[in-house]
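The primary structure of each chain is shown beneath.
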Amino acid sequence: MSRLMSEEGIRIDGRRWDELRPVRIEVGVLKNADGSSYIEFGKNKIVVAVYGPKEVHPKHMALPDRSVLRCRYHMLPFSVEERKNPAPSRREIEISKITREALEPALILEDYPRTVIDVFIEVLQSDGGSRCAGITAASVALADAGVNMRDLVAACAAGKVGGRIVVDINDEEDKMGEADMPVAYLPNLKQVSLLQLDGKLTADEYRECLNLAINGCMQVYSMQREALMKKYFSTVNKGGGDEGGSVEE
Amino acid sequence: MVSIEERKRRLHDNMSVKKTTTIVEQLRRAQMNELLALNKRLDGRGLKDHRELRIDVGLIKKANGSALVSLGNTQVIAGIKVEVDEPFPDMPDKGLFICNAEVLPLASPYAEPGPPDEDAIELARVVDRGIRESEMIALDKLVLMSGKKVYAVFADVSVLNSDGNLFDATSYAVVAALLTARIPKYDVQDDKLVKSEETIPLPINTVPVSVTMAKIGNSIIVDPTAEEEACMEARITIATDEHGRVCAIQKGGSGTFSLEQLSEVAALAISIGNEVREKIKNAVASVSTNNNNNDDNDINKSMAS
């Protein structure tokens with residue numbers, strides 16, 4: 001355990017308990033997509049494309065009163081240590097489902113009846129926390145596509161490593177640590193849209209972990225806003241206050 | 001396009017997810033919401049009550065362990081099969097535990113044959129997570145020859161009748177089946193495994209209990225029926241161990257939870273989990289005393305009652 005956490009409380013990659021890995025978000029990286037984004041979250045490198053709202057195929061999937069959201073989380077064969085079979089694994093199918101459910105509450109799907117919105121999340125290189133980084137990037141790509149939204153979705157994990165509650169678990173901490181709790185949060189509506197946990201936490205640690213993860217989500221949220229501002233408001237708002245208009249309007 | 005007023009109304013409409021439904025379903029939902037406002041449910045239960053839980057173990061003689069669980073009208077059967085296998089290269093001193101679940105085509109008018117869909121995959125993975133993360137099975141005691149031969153424990157669950165909360169019913173069935181499983185004992189002779197006639201129980205550390213709750217409007221209800229699941233905005237499954245620790249969580253559904261609701265559901269999962277744990281232990285204990293007295297006909301009796 002001491003390998004993961006030094007006596008001074010420094011983690012295996014040099015971070016403190018409340019420090020995120022370096023994050024970089026770019027908006028509009030793919031020409032063909034209606035919306036797209038690229039995120040680097042630690043060693044994670046993920047590209048996301050949004051197509052839609054568009055006509056539904058197969059047609060029977062269409063809903064008369066709202067749009068259908070489809071999400072695919074997929075890891076490229078070379079994104080992990082040992083080559084991953086490109087066919088969707090059970091893990092990827094589960095993550096695709098929870099990603100959809102994490103994003104859905106932020107979207108005003110009722111504005112686009114009889115259509116589908118496709119979200120493709122491709123993990124080019126994976127580190128711990130790729131589902132959170134994928135959700136974060138997907139939410140930015142949906143905003144880039146101009147889909148009506150109630151809020152952005154920011155995601156970040158917290159967990160227990162070497163006996164301490166820490167934010168943003170990396171790969172080694174995920175494998176060797178005691179607990180991993182991915183959280184997705186709607187910052188303005190103050191709602192949690194994704195919550196999972198692997199590992200043991202007491203009731204107090206659970207609350208502490210949840211609060212720390214939400215704290216991480218708020219930091220991620222400001223980086224999402226910054227990335228969108230940079231693309232859409234850079235000429236208007238150069239050097240201006242960062243408390244300008246909200247991006248979801 | 002939608003007017004700004006309409007947009008604002010929707011934004012403040014608690015993000016209620018409108019699902020396409022039939023008139024009957026909409027009426028049923030309206031009735032459910034009226035009752036929930038009075039802290040009542042369609043089937044007469046209180047908001048925090050589980051349906052009647054019935055556990056029958058040891059019905060399948062060909063399996064190492066088995067359990068038939070009824071949670072109200074939801075019915076699932078779990079079987080444990082134990083084989084000898086090679087360990088994963090990165091975990092040479094750990095046995096294997098593999099959990100699978102399927103919703104059989106006979107389980108509901110909506111179930112169809114075919115490979116497991118995302119719901120069935122999620123079901124199996126959430127049940128697996130609760131058992132694995134609580135360290136229910138002492139996998140380090142399932143090693144026969146370090147790095148070469150270990151026990152592989154397969155838990156397969158089939159849903160026979162689907163009426164909501166498959167997560168808890170499936171989890172209880174796997175836990176009860178594991179608690180009563182008997183596995184063959186092996187002796188190592190000259191670097192070879194020799195199977196003995198003797199059987200031993202699985203090494204168990206703790207009894208994890210999963211509690212699933214649904215959010216409808218602003219109410220949190222425990223153990224939703226299929227009808228309630230059709231109306232819910234979000235769902236959360238929390239597994240706890242004997243020390244009252246939270247071991248695994250899965251939120252599902254297209255809605256959200258507030259922070260206050262998330263502390264409420266964690267506290268509920270711990271207190272209700274303790275009650276259910278006693279029920280599981282009693283069901284397992286009562287049968288292990290008169291072991292092997294069941295014959296196959298008992299399945300009919302267990303299912304019909």
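The structure we're discussing is the one just above.
Residues numbered from 1 in each chain as written. Chains lettered and ligands numbered in written order. Predicted model: local features only at pLDDT ≥ 70, side-chain atom pairs only at ≥ 80, totals over all residues. Heavy atoms only, no water.

A. Representation of the overall build of chain B within the structure. If you tally the helices and strands in chain B, you get 7 helices and 12 strands. By residue count, 51% of the 305 residues in chain B fall in the buried class. Taking contacts inside chain B between residues at least 6 apart in sequence as the whole, the part at least 24 apart equals 69%. (Helix = DSSP H or I, 4+ residues; strand = E, 2+ residues; numbered from the N terminus. Buried < 20%, exposed > 50% of the residue type's maximum accessible area, 1.4 Å probe, protein only. Contact = heavy atoms within 4.5 Å.)

B. Quick peek at the packing of helix α3 (residues 118–133) of chain B against helix α4 (residues 166–180) of chain B. Residues and elements named next belong to chain B. Where α3 meets α4, the closest approach of the two axes is 10 Å, and the angle between their N-to-C directions is 50°. In terms of orientation, α3 and α4 fall into the oblique class. Considering only the axes of α3 and α4, their crossing is right-handed. Of the residues in α4, those in contact with E122, L123, V126, V127 and I131 of α3 are L166, F167, T170, S171, V174, V175 and L178. Partitioning the contact of α3 with α4 into residue classes produces 9 nonpolar, 2 polar and 1 charged. (Axes fitted to C-alpha atoms, helices over the stretch in contact; angles between N-to-C directions. Parallel < 35°, antiparallel > 145°, perpendicular 65-115°, else oblique. Left-handed = near helix turned anticlockwise from the far one by under 90°. Nonpolar A, V, L, I, M, F, W, Y, C, P; charged D, E, K, R; others polar.)

C. Structural view of empty space enclosed by the protein. Residue and element names in this part refer to chain B. On inspection of all chains with the given rule, the structure shows 4 cavities of 30 Å³ or more. Taken as a whole, the largest cavity spans an internal volume of roughly 90 Å³. As for the largest cavity, its lining consists of 14 residues, of which V126, V127, G130, S210 and A239 are closest to the centre. Ranked by residue count, the leading element in the lining of the largest cavity is α3, at 4 residues. Of the residues that constitute the lining of the largest cavity, the class distribution is 10 nonpolar, 4 polar and no charged. (1 Å grid on protein atoms, 1.4 Å probe; cavity = no way out; pocket = protein on both sides within 12 Å on 5 of 7 lines; lining within 4 Å. Points joined across faces, edges and corners; volume = space filled by probe spheres on them.)

D. A look at α4 of chain B. In a regular helix each residue adds 1.5 Å, so 15 residues correspond to 21 Å; α4 of chain B covers 21 Å between its end C-alpha atoms and thus fits that length. Counting buried residues along α4 of chain B, 14 of its 15 residues qualify, which places the element largely inside the surrounding structure. (Expected span 1.5 Å × (residues − 1).)

E. Inspection of the packing of helix α1 (residues 90–103) of chain A against α3 of chain B at higher detail. Interaxial distance between α1 of chain A and α3 of chain B falls to 9 Å at its minimum, and their mutual angle equals 105°. As judged from the angle between their axes, α1 of chain A and α3 of chain B are roughly perpendicular. Contacts between α1 of chain A and α3 of chain B involve R90, R91, I93, E94, K97, I98 and R100 of chain A from the first element and E118, D119, I121, E122, A124, R125 and R129 of chain B from the second. A per-class count over the contact of α1 of chain A with α3 of chain B returns 4 nonpolar, no polar and 10 charged.

F. The arrangement of the nonpolar core in detail. One finds L195 of chain A together with F97, L178 and M213 of chain B to be the most contacted residues of the largest nonpolar core, which totals 132 residues. Not counting the four nearest positions on each side in its chain, L195 of chain A is found in contact with M181, P182, V183, Y206 and L210 of chain A together with I236, I249, Q250, K251 and L262 of chain B. Among the nonpolar cores identified, the runner-up in size contains 8 residues, and L36, I216, I221 and M232 of chain B belong to it. (Core = buried A, V, L, I, M, F, W, Y, C linked by side-chain atoms within 4.5 Å.)

G. Inspection of helix α2 (residues 23–37) of chain B at higher detail. Residue and element names in this part refer to chain B. The end-to-end C-alpha distance of α2, which contains 15 residues, comes to 21 Å, matching closely the 21 Å that a straight helix rising 1.5 Å per residue would cover. Next to the buried residues of α2 lie β9 (209–216), β10 (219–222) and α5 (226–231). One or two positions beyond α2, positive phi appears at N39, with a value near 60°.

H. Spotlight on the sheet that holds strand β5 (residues 115–125) of chain A. All names here are of chain A. With mixed pairing, 5 strands are arranged side by side in an open sheet as β1-β2-β3-β5-β4. Here the strands that pair on one side only, and so sit at the sheet edges, are β1 (23–27) and β4 (68–75). The average undirected angle you get between the axes of adjacent strands in this sheet is 15°. As paired strands, β4 and β5 are joined by 8 bridges and run parallel to one another. Directly across from C71, in β5, lies its bridge partner V119. Against the sheet, α1 engages β4 and β5, with an angle of about 140° to β4. (Pairing = 2+ DSSP bridges.)

I. Representation of the sheet that holds strand β9 (residues 191–201) of chain A in the model. Taken in spatial order, the 8 strands of this open sheet run β7(A)-β6(A)-β8(A)-β9(A)-β12(B)-β11(B)-β9(B)-β10(B), and their pairing is antiparallel. Only two strands of the sheet have a single neighbouring strand rather than two, namely β7 (164–167) of chain A together with β10 of chain B. Put simply, the sheet's adjacent strands are angled 20° from each other on average, direction ignored. Of the strand pairs in this sheet, β9 of chain B and strand β11 (residues 234–240) of chain B are connected by 7 bridges, and their pairing is antiparallel.

J. Region of the structure containing the interface of chain A and chain B. Every contact between the two is made by 40 residues of chain A and, on the other side, 47 residues of chain B. Summed over both partners, the interface of chain A with chain B comes to about 3,800 Å²; 55% of that surface belongs to carbon and sulfur atoms. Note that E135 of chain B and K200 of chain A form a salt bridge whose closest N and O atoms lie 3.1 Å from each other. Taken together, the connections running from chain A to chain B amount to 20 residue pairs in polar contact (both at pLDDT 80 or more). When residues of the side of chain A that touches chain B are traced back to their parent elements, those giving at least two are α1, β9 and α4 (203–232) of chain A. Considering every element that reaches the side of chain A that touches chain B, the biggest residue donor is β9 of chain A, with 11 residues. Taken together, the residues that form the side of chain A that touches chain B break down as 17 nonpolar, 7 polar and 16 charged. Note: β9 of chain A against strand β12 (residues 246–252) of chain B, 4 bridges, orientation antiparallel. When the sheet's bridge partners are listed, Q196 of chain A is paired in β12 of chain B with Q250 of chain B. (Buried area = accessible area lost by both parts, 1.4 Å probe. Salt bridge = Lys/Arg side-chain N within 4 Å of Asp/Glu carboxyl O. Polar contact = N/O pair within 3.5 Å; in protein donor to acceptor, adjacent residues only side chain to side chain.)

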